[in-house]
Amino acid sequence: MNAAGDGPPSIDPSAAPEAHGTPPVTGRLRATPEDFRVDEVLGFEPEGAGGHALLVVEKRGANSGWVAAQLARSLGVAARDVGWSGQKDRNAVTRQAYTIPLAERLPLDACLAASGDGYRVVQAARHGRKLRPGSHRANRFALRVRDVAGDLDALRERLPAIDRRGVPNYFGPQRFGRGGGNLARARAWAAGEAPPRERAVRGFALSAARSAIFNAVVAQRVRLGHWDRLLPGEAVMLDGRRSFFRAAEVDEALAARCDAMDVHPSGPLWGRGESPAADAARAVEAVVTDAEPALCALLEAQGLEQERRALRLPVRDFAWSMEGMDLLLAFELPRGTFATAVLHEIVRGAWADADGAED
């Protein structure tokens, strides 16, 4: 196999090879919303003073934007003034933070009493500013996989390996829309068709194109066996940070930092400018980007800038157990990453079964 892998890469969202091998079991995912629980981890406490209420809202079978609109309507504020950090799964039970501007006619107690079909406020405290997208640190997952069947001995070996090595940091299929529709719109746009009329739909299409290019790079590195190792010329990402540095060579000290998950190999979030990767790392990226000139040109023309994303996803505080024939999983992931990427390495068919949004 050459440095770029065998043959042209696939940018099909379903083409996400597993790093740990074919999953050893099958099982039922999301049989009920309670099987998929998500708690947002803000990484900071309410300030206890200020002109906003920081609410923790539990929702079931509802998406984040819909709940924001319901809170605005219930509490008599403008929808644009409601703040939240990340999109959470619809087919799940989730807890996430929202902010609401307070006024004399809207005391904190009124916010705490807010509830409706599919949501309820469980905590409220004063805070000094509106929540912005991406302001949370992580998400904590508690999942139940029902009716597990297959090689349970292999499962018992697979789970500690994921704990030690993490998983490929794929964007989940949720990013690409039902049936890959967001990516299809991006391809049509890149081919010269009129862009989607709605700004949000254009944003979804661009995000899908960028995510598909990144996933294809991850997939190439998985096939080559170095998705979790540094290559010469790597743009090395610091764990939990967006910053990176280029490593012309990978010495023992840097390799040890990578083994300890202090740093990670990275891939491109495509946009204007030159990729910071070089040498062997850049060669793998180029196989993907050279095969997708229209999508790359679209992202550049729309003003997106080159960014980086870690190729590897550490699975923090990972715990597992069996309850009868149900597999119980608990773990924490950084914001902007997907529980689907973890399940993809454990349960056959998890990728195809994914829906909703994770962030």
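Anything mentioned here points back to the structure above.
Attention here is on the structure that accompanies the text. (Residues numbered from 1 in each chain as written. Predicted model: local features only at pLDDT ≥ 70, side-chain atom pairs only at ≥ 80, totals over all residues. Heavy atoms only, no water.)

## What about the packing of helix α5 (residues 199-224) against helix α8 (residues 293-301)?
Relative orientation of the contacting elements α5 and α8 amounts to 130°, with a least axis distance of 10 Å. Accordingly, the angle class assigned to the pair α5 and α8 is oblique. The way α5 lies across α8 gives a crossing that is left-handed. Seen from α5, the contacting residues are L206, A209, R210 and I213; seen from α8, they are L295, C296, L298 and L299. A class-by-class count of the residues in the contact of α5 with α8 yields seven nonpolar, no polar and one charged. (Axes fitted to C-alpha atoms, helices over the stretch in contact; angles between N-to-C directions. Helix = DSSP H or I, 4+ residues; strand = E, 2+ residues; numbered from the N terminus. Parallel < 35°, antiparallel > 145°, perpendicular 65-115°, else oblique. Left-handed = near helix turned anticlockwise from the far one by under 90°. Contact = heavy atoms within 4.5 Å. Nonpolar A, V, L, I, M, F, W, Y, C, P; charged D, E, K, R; others polar.)

## Digging into the nonpolar core
Nonpolar side chains in soluble globular proteins tend to end up buried together. Core analysis: the largest hydrophobic core is formed by 32 residues, its most contacted members being Y170, I213, L295 and L299. Listing elements by their share of this core, those giving two or more residues are α4 (181-190), α5 and α8. In terms of residue count, the dominant contributor to this core is α5 (12 residues). Discounting chain neighbours no more than four positions away, the residues touching L299 are L206, A209, R210, I213, W270 and L304. Formed by 27 residues, the second largest nonpolar core is a distinct cluster that contains V25, V38, V167 and F318. (Core = buried A, V, L, I, M, F, W, Y, C linked by side-chain atoms within 4.5 Å. Buried < 20%, exposed > 50% of the residue type's maximum accessible area, 1.4 Å probe, protein only.)

## Focus: empty space enclosed by the protein
One pass over the full model with this rule turns up three cavities of 30 Å³ or more. If you add up the space inside the second largest cavity, you get close to 40 Å³. Considering the residues around the second largest cavity, the lining is formed by 10 residues, among which I11, D12, P13, A15 and N215 are closest to the centre. Of the residues contributing to the lining of the second largest cavity, the split by class is seven nonpolar, two polar and one charged. (1 Å grid on protein atoms, 1.4 Å probe; cavity = no way out; pocket = protein on both sides within 12 Å on 5 of 7 lines; lining within 4 Å. Points joined across faces, edges and corners; volume = space filled by probe spheres on them.)

## A few points about the packing of α5 against helix α7 (residues 279-291)
Running from amino to carboxyl end, α5 crosses α7 at an angle of 125°, the nearest separation of the two axes being 9 Å. For the element pair α5 / α7, the angle class is oblique. Considering only the axes of α5 and α7, their crossing is right-handed. Contact with α5, carried on its side by I213, A216, V217, Q220, R221 and L224, involves A281, V284, E285, V287, V288 and T289 of α7 and no other residues of that element. Grouping the amino acids of the contact of α5 with α7 by side-chain chemistry returns eight nonpolar, two polar and two charged.

## A few points about the sheet that holds strand β11 (residues 244-247)
Ordered in space as β11-β10-β12, the three strands form an open sheet in which the pairing is antiparallel. A single partner strand is all that each edge strand has here, and the edge strands are β11 and β12 (263-264). The pairing of strand β10 (residues 234-238) with β11 spans four bridges and is antiparallel. Bridging across to β11, V236 finds its partner in F245. (Pairing = 2+ DSSP bridges.)

## Observations concerning the layout of surface pockets
Estimated volume of the second largest pocket: approximately 290 Å³. Contributing to the lining of the second largest pocket are 16 residues, with E40, L42, V56, A97 and Q123 lying nearest its centre. Across the lining of the second largest pocket, the residue classes break down as nine nonpolar, three polar and four charged.

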